[in-house]
Structure formats: C-alpha cells, structure tokens
Amino acid sequence: MTVEQSAPVAPTPVAPTVEPELAALYADLAAVHLHPLWTITKQLLTPTPQPRSVPWLWSAGVLAPLADRALRLVPVERGGERRVLSFGNPGLGGLPYAAGTLWGAVQCLGPGETAPAHRHSPGAIRFVLEGSGVWTTVDGDPCDMSPGDLVLTPGWNWHEHTSNGSSRMLWFDGLDLPMVEALDAVFFEPYPQDRQPDSAEHNLSEARYAGAGQRHVEGAVGTALDPRHSPLLVYRWTDTDAELTRLAAARDTPMVSLEFVNPNTGASVLPTLSCGMHRIAPGRRTEPVRRTGNTIFVVYRGSGSSVVDGVRFDWSAGDVLVAPSWSAVEHLAEETADLFSLGDAPVLRALNLYREQVLDGPQDVQRVFEPERVP
C-alpha cells in the first residue's frame, strides 16, 4: 500500500457538468460541515483494511548511534522526562507513531540517571535490548531489567526508571497511546517527587508469582479477555528462552511462538496490547499470514528477512519492523532468530474484529527495502 492510497477521506469535488441546483446542494453541505455519503462510500467502506501506516524498518545501525548522541546531548530531568526516540511511520503524515494504533520507540538511560516518576492512562511495555543495572519501579515495585526481559507499566501506574549501572541501557518502548488518543482518553500526571519511595526489596510481583500460574501460551491468546492488567510485572528472558527451546524441540515447524499472559486469567498482559516471542529456525520460510491489527517486530537476536506485502526487509539484532493491519507477513531466518512482537489483538478480539488468512504460497518479492541512513 502506498502513502497516496492511504490518504484521509476528503470531500469529493463536484464535476463541472453537474447541474447548478445539485452543485449548490454540495456547496451548502460543505459550508455546514456535512458530507454526502454517496460520494465517499467506496473510500469509507473498503473491501479490506486500508491502514495509513506502511510497512517500514528502522535499523539498529542508525538507532544505536543516535541514541548515544542523545545520551550525550540531552539530559533526563523534569521537563524532558524521558530520552526516547519514537518511530514515525512515513504513512502517518508526521505523527510520532509506528502504526495507527501503536507507539514504538527506543529509550536510553545513562549511568546513575533517573527518568522521573509519572503516570498516564496509556499502557506501556518495555523490552530490554542491551545493558544492565537499571530497574523500573511500578507502583512501588522496583523491577530489575536485563536483556530479553519484558517489563509492564500498565495504564495509570506510577513508574520511573533508575540506573546504578556503569553503562547505558537501551530498550524498546511500546504503548497503546495512538489508540487511547483516538478514544480521547489520554491523561497524564507527574509524581510529586522525582522518584517513588525507595524499596529495599525488588521484584515483588515476581516473588509473589514464583511458581504460580502460567507466564506464556503457545501461539497466541485465543479467547481469554480481561480488562485488568497482569499482576505479574516482569517476564524474564531465562523463562522465555526455556519455553521457546521446549516448543522448538517438540514442533517440527519453521517457527514457534508464544504470547506472554496474565498468570491469573491466561489473557494478554494488558487489555489493549499483546506481547509475543517468536523463534525462527534457519533456512525454513514461515507461511504468509494476514492478520487484522498492527504488529511491531523487534529483532532480539539472529538475522534474516521478512516479506511484507511483497517487500523484503532484511534484518538483524536490534532492528525494528512494523507490519500494518492485513499485511501479508512471512519470515526466513539465516540463523536461529528470536523476534519480540507487540500488537493490538486484544482490542480487536474484544470487538469481534480479529481475522486471520493464510496465503496459498510464498509471496513474490517485488522489491527490497533500503533502510534510511543519517545524511
């Protein structure tokens, strides 16, 4: 899909051959902000989803150096709050969103820094890419962060990020901000101090759920829905890796997948966001699938390529790829690869709008995507 195809609906101009009385009707409708549906029906009710966002990839070779420059030049303090580089999909006309419903970004925290506490109605997740010595305190629970870990900061939970490490940490931020904004429900509040009260104990939710409840389901959540967020706030890479290894040994398939779930209910970790992990075996192409809903893929390790609507995206560790709703997506790994995914499937399932379609065979590659570089 091109940017031109995804332009917002505009009033249809009146052809010069329309009789004067009808032309006057159209002019009068426009003057009072009314739109004649018969002129725009095909633009509004399309045979398949027509997202404005386009498939895109942000390269780690660009992201990491820019994050380091921001680390050197931009202090984290009240007013700035966060050192974040948000992904702006070229199809969205300058908005700082990776897709129509999803915010995606990389965040960087330097040694000894604290990103001040605040809370907001949009829900957020953090997937750690590299670094150590950082924790995110969520409503008084300091959650230690290590590469491959998933940390939740659910909507309207106080949270800040603190480092006592000797090097910077880089992680992927995912939020439902565009969705919450579309619903006119964004609220934000700074904490009275820079930080929440210190807690001697870390990882309280993890200790509470040690050995209790499931953390993952194979594939993806099917029916379970829950308006509450997961009470478990951190999902460790060691557990995720072990489950992926078990699934790969038990399944003779090109890819095994899991979704992180609420240990109490088996629902997605947040009511608006699904988080998954996918292990792709080298040299075996996954089947091409279309799904309603937007997806962001973050390459945790390995290298390979994805074909999204006929465009091949070559990727390696640290790259970020977005697949808009109803895009045909297939993957091929050069070496064993692990991809984290963020999607909006819980909302689509709750509204009975979720669909999947498996294509009959591999897509024809029409072109190869060339990532943008800093001038």
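One structure accompanies this document, and this report is about it. (Residues numbered from 1 in each chain as written. Predicted model: local features only at pLDDT ≥ 70, side-chain atom pairs only at ≥ 80, totals over all residues. Heavy atoms only, no water.)

1. Some remarks on the overall build of the protein chain
Put simply, the rule reads: Secondary structure elements follow DSSP: runs of H or I of four or more residues count as helices, runs of E of two or more count as strands, with numbering from the N terminus. Both definitions apply: the radius of gyration is a C-alpha atom measure, and the globule rule equals 2.2 Å times residues to the power 0.38. Relative accessibility under 20% of the residue-type maximum defines a buried residue, over 50% an exposed one, and the middle range a partly exposed one, all with a 1.4 Å probe and only protein chains included. The criterion used for residue contact is that any of the two residues' heavy atoms lie within 4.5 Å. Only the protein chains shown count as cover for residues, and all accessible areas are computed by the Shrake-Rupley method using a 1.4 Å probe. The charged-residue count follows a simple rule in which Lys and Arg add positive charge and Asp and Glu add negative charge, with His and chain termini not counted at all. The atom standing in for a charge is NZ when the residue is Lys, CZ when it is Arg, CG when it is Asp and CD when it is Glu.
Secondary structure summary: the protein chain contains seven helices and 24 strands in total. Against the compact-globule benchmark of 21 Å for 375 residues, the protein chain has a radius of gyration of 22 Å, which places it among compact chains. Reported as C-alpha extents along the three principal axes, the dimensions of the protein chain are approximately 80 × 55 × 45 Å. Burial analysis of the protein chain (375 residues in total) assigns 50% to the buried set. The long-range share in the protein chain, meaning contacts at least 24 apart out of those at least 6 apart in sequence, stands at 79%. Carbon and sulfur atoms make up 55% of the accessible area of the protein chain, which amounts to about 17,800 Å² in all. Here the protein chain contributes 28 positively and 44 negatively charged side chains, and the mean placements of these two sets differ by 3 Å.

2. Focus: the packing of aromatic side chains
Quick reminder of the rule: Two rings from Phe, Tyr or Trp (for Trp, the six-membered ring) form a pair when their centres sit within 6.5 Å of each other. Planes less than 30 degrees apart are called stacked, planes more than 60 degrees apart edge-to-face, and all others tilted.
In this structure the tally under the stated criterion is eleven aromatic pairs. A ring pair is formed by Phe-127 and Tyr-300, whose centres lie 5.5 Å apart and whose planes are at 80 degrees; its orientation type is edge-to-face. With Phe-127 in strand E5 (residues 124–130) and Tyr-300 in strand E17 (residues 295–301), the pair connects residues that are 173 residues apart, well separated along the chain. Just as Phe-127 is buried, Tyr-300 falls in that class too.

3. As for the pattern of salt bridges
The cut-off we apply is this: The working definition used for a salt bridge is a side-chain nitrogen of Lys or Arg within 4 Å of a carboxyl oxygen of Asp or Glu.
Inspection of the entire model under this criterion finds 22 salt bridges. One salt bridge in this structure joins Arg-246 and Glu-243, with 2.8 Å as the shortest N-O distance. With Arg-246 and Glu-243 both in helix H6 (residues 237–250), this residue pair falls three residues apart, about one helical turn. Arg-246 sits in the partly exposed class, given a relative accessible area of 46%. Residues Asp-314 and Arg-312 are paired through a salt bridge, measuring 2.9 Å at the closest nitrogen-oxygen approach. Taking relative accessible area as the criterion, Arg-312 reaches 31% and is therefore assigned partly exposed. Each of Asp-241, Arg-279, Arg-301 and Asp-338 takes part in salt bridges that share partners, so that together they form one network.

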